[in-house]
Amino acid sequence: MAQQENGAKRPVHGVLVKVLLHRRTERGMTLEPHASRCVRRGELHELVTTDHRETAAGARIDRVGFLGFAELDCAGVIDRGDEFWISGRLIGTVLGFDACHFPNHYNILIATETPVSGKDLDLRPEQRIGFSPAGVPAGLPG
């Protein structure tokens, strides 16, 4: 019988601090081998959408849309498969992480039907963002 590893966790939430408006078709991001990353309160991370679905370590991620940068309100763990929300609206699920700019920030890759940008979603600074396990409300404050 397989042992279950993951128990309950709290959602990770924060606010958009900068909106990005562009998309790329040849970005060349590299998917990290880790299915989860610990994040700290106050960190900034870049939010990137993609229609890629490959989760193998080192997978190349080319088709992307840039949503922006978010500051995290709380520490926690973001896992592949977590739902990603903006202002109570489900945007997609976490595909994984690209660390090309780490330790400055992670690119958190969000799987969406098609790559969308901050412009496509009419995003604004100070909008609430959140990551939560699938089927669990993000519990965004404010």
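Quick note: structure is the one above.
Not measured: the values here are computed from a predicted model. (Residues numbered from 1 in each chain as written. Predicted model: local features only at pLDDT ≥ 70, side-chain atom pairs only at ≥ 80, totals over all residues. Heavy atoms only, no water.)

Caption draft 1: Local environment of the nonpolar core. Counting 22 residues, the largest nonpolar core has Leu-47, Leu-67, Ile-78, Phe-84, Ile-108, Ile-129 and Phe-131 as the members making the most contacts within it. Once you skip the residues sitting within four places of it in the chain, Ile-108 turns out to touch His-45, Glu-46, Leu-47, Val-48, Ile-78, Val-94, Gly-96, Phe-97 and Phe-131. Counting residues in hydrophobic clusters, the runner-up holds 12 residues, among them Leu-31, Ala-59, Ile-61 and Phe-69. (Core = buried A, V, L, I, M, F, W, Y, C linked by side-chain atoms within 4.5 Å. Buried < 20%, exposed > 50% of the residue type's maximum accessible area, 1.4 Å probe, protein only. Contact = heavy atoms within 4.5 Å.)

Caption draft 2: The pattern of salt bridges, seen in detail. Scanning the entire structure with this criterion turns up 8 salt bridges. Residue Arg-63 pairs with Asp-51 through a salt bridge whose shortest N-O separation is 2.8 Å. Of this pair, Arg-63 sits in the loop between β6 (60-61) and β7 (64-72) while Asp-51 sits in the loop between β5 (44-50) and β6, placing them 12 residues apart in sequence. Since its relative accessible area comes to 24%, Asp-51 is described here as partly exposed. The partner of Asp-122 in a salt bridge is Arg-124, with the nearest N and O atoms 2.7 Å apart. Using a relative accessible area of 47% as the deciding quantity, one classes Asp-122 as partly exposed. On the accessibility criterion, Arg-124 (47% relative accessible area) is partly exposed. (Salt bridge = Lys/Arg side-chain N within 4 Å of Asp/Glu carboxyl O. Helix = DSSP H or I, 4+ residues; strand = E, 2+ residues; numbered from the N terminus.)

Caption draft 3: Unusual backbone geometry, seen in detail. Between Phe-102 and Pro-103 the backbone carries a cis peptide bond, its omega angle lying at 20 degrees. Mapping Pro-103 onto the fold places it in the loop between β10 (89-98) and β11 (107-111). Here the phi dihedral of Ser-87 falls at roughly 50 degrees; this positive angle occurs in a residue that is not glycine.

Caption draft 4: Broad picture of the packing of aromatic side chains. Scanning the model with the defined rule gives 3 aromatic pairs in all. An angle of 25 degrees between the planes, with centres 4.5 Å apart, marks the rings of Phe-102 and Tyr-106 as stacked. Overall, the relative accessible area of 7% leaves Tyr-106 in the buried class. A connected cluster of aromatic rings, assembled from ring pairs, spans Phe-97, Phe-102 and Tyr-106. (Phe/Tyr/Trp six-rings, centres within 6.5 Å; stacked < 30°, edge-to-face > 60°.)

Caption draft 5: Inspection of the environment of Leu-72 at higher detail. Along the chain, Leu-72 turns up in strand β7. What Leu-72 contacts, discounting residues up to four positions off in sequence, is Val-12, His-13, Gly-14, Val-39, Arg-40, Arg-41, Gly-42, Glu-43, His-45 and Ile-129.

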